Amino acid sequence: MSSPELVIQVLRAELRAAGITYKALAGRIGMSESSVKRMFGQKDMALSRLAQICKAAGVPLEDVLRRAADARPQADTLTPTQEKSLMANPRLLLVAICCLGNWTLDQIIDTYQLSEPECIGLMVELDRLGLIELKPLNRYSMRVSTTFRWLPDGPVQQYFREHVVEDYFSGRFDGAGETLLCLPARLSLGSSRELLLKIQQLAAELARLHQADRRLARDERDGVTLLLGFQSWESSAFTALRRA
């Protein structure tokens, strides 16, 4: 569904919620009922007409536009081509990860060795790739969902496996709010699926908390990384000791 269609859909829902029929709306904006129906049926209208309808219905235009933006379908993953483009430029990948963490432009250039023009250029590239939507004053919104994940065994995940995992697990995991668990078990397929669902729920909860804490001051938050894996696995050192 395109953006204009989403706006019309939200506007129609707002009119229904307010109890305003096409006939009543037609009287308020000086049009015939058939013309109003045809206008909504075309699923597109001029911004001036949209503003007129919102005013006549007592519905803030900004609310309609925001709800349409919130309702826009968002991808859970990028394509392999998009991920390859990120991997071709380490600085582009860095800014992409910062955007996934909802960093502002100022926060990025204050933290990393990137100039403002360079960082803006990288954000323009992320807009072209479809990860973010760049807006005036160098603000942006995400074009991916809050449950976004890298492609399984895709370019980015392969990079993390080769260069990040060892560095990640070299930490002590003994700080406040930190933990490291390695829990072996023997489970049925049904139990494994049940646990996988709970892991997915945990990831969703992390996304929820991440969004909720965005209102806090910068010095009240710290960057954290939750690295989860769940698979049928045995250490190769143990496998070597198995009986033939």
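About the criteria used
- Residues numbered from 1 in each chain as written.
- Predicted model: local features only at pLDDT ≥ 70, side-chain atom pairs only at ≥ 80, totals over all residues.
- Heavy atoms only, no water.
- Helix = DSSP H or I, 4+ residues; strand = E, 2+ residues; numbered from the N terminus.
- Contact = heavy atoms within 4.5 Å.
- Core = buried A, V, L, I, M, F, W, Y, C linked by side-chain atoms within 4.5 Å.
- Buried < 20%, exposed > 50% of the residue type's maximum accessible area, 1.4 Å probe, protein only.
- Phe/Tyr/Trp six-rings, centres within 6.5 Å; stacked < 30°, edge-to-face > 60°.
- Axes fitted to C-alpha atoms, helices over the stretch in contact; angles between N-to-C directions.
- Parallel < 35°, antiparallel > 145°, perpendicular 65-115°, else oblique.
- Nonpolar A, V, L, I, M, F, W, Y, C, P; charged D, E, K, R; others polar.
- UniProt positions renumbered as here; feature names shortened; annotations may be inferred.

**Q** Looking at this structure, how should I read the environment of V59?
**A** Position of V59 among the secondary structure elements: in the loop between α4 (47-57) and α5 (61-71). Each C-alpha atom of the pair V59 and P136 lies 25 Å from the other, and the pair is 77 residues apart in sequence. Contacts of V59, omitting those with residues within four sequence positions, involve E14, C54 and V64.

**Q** How should the nonpolar core be read in this particular structure?
**A** As a rule of thumb, nonpolar side chains are buried together in soluble globular proteins. Formed by 24 residues in total, the largest nonpolar core has its most connected members in L86, V95, L126, L131 and I132. Here this core takes six residues from helix α7 (residues 90-100), the largest share from any one element.

**Q** Looking at this model, I keep getting lost on the packing of aromatic side chains. Mind explaining?
**A** Two measures describe an aromatic ring pair: the distance that separates the ring centres and the angle between the ring planes. Taken as a whole, this structure holds eight aromatic pairs when the rule is applied. Summarising the aromatic geometry, the rings of Y22 and F40 are spaced 5.2 Å apart at their centres and angled 35° between planes, so their arrangement reads as tilted. With Y22 in helix α2 (residues 22-29) and F40 in helix α3 (residues 33-41), the pair connects residues that are 18 residues apart, well separated along the chain. Residue class for Y22 comes out partly exposed when judged on its relative accessible area of 23%. The interplanar angle of 70° and the centroid separation of 5.6 Å between the aromatic rings of Y168 and F173 together place this pair among those described as edge-to-face. Its relative accessible area of 15% is what places F173 among the buried residues. Members of the aromatic cluster, joined through ring pairs, are F148, W150, Y159 and F160.

**Q** What is the right way to read the packing of α2 against α4 from this model?
**A** Geometrically, a packed helix pair is captured by the angle between its two axes and the distance between the axes. Their axes nearest at 10 Å, the elements α2 and α4 cross at an angle of 105°. Our classification of the angle between α2 and α4 gives roughly perpendicular. Contacts between α2 and α4 involve L25, R28 and I29 from the first element and R49, Q52, I53, A56 and A57 from the second. Split by residue class, the contact of α2 with α4 holds five nonpolar, one polar and two charged.

**Q** Even after reading the chapter, I still don't get the UniProt feature "domain: HTH cro/C1-type" (unreviewed entry) in the protein, so can you show me in this structure?
**A** Residues given the UniProt feature "domain: HTH cro/C1-type" (unreviewed entry) here are residues 11-64. Spanning residues 11-64, this segment combines 72% helix with 0% strand, and its end C-alpha atoms are found 6 Å apart.

**Q** Looking at this structure, I do not really get the environment of A204. What am I missing?
**A** Structurally, A204 is set in helix α11 (residues 189-212). Under the relative-accessibility criterion, A204 is labelled partly exposed at 35%. Each C-alpha atom, one on A204 and one on P117, is 34 Å from the other, the two residues being 87 residues apart in sequence.

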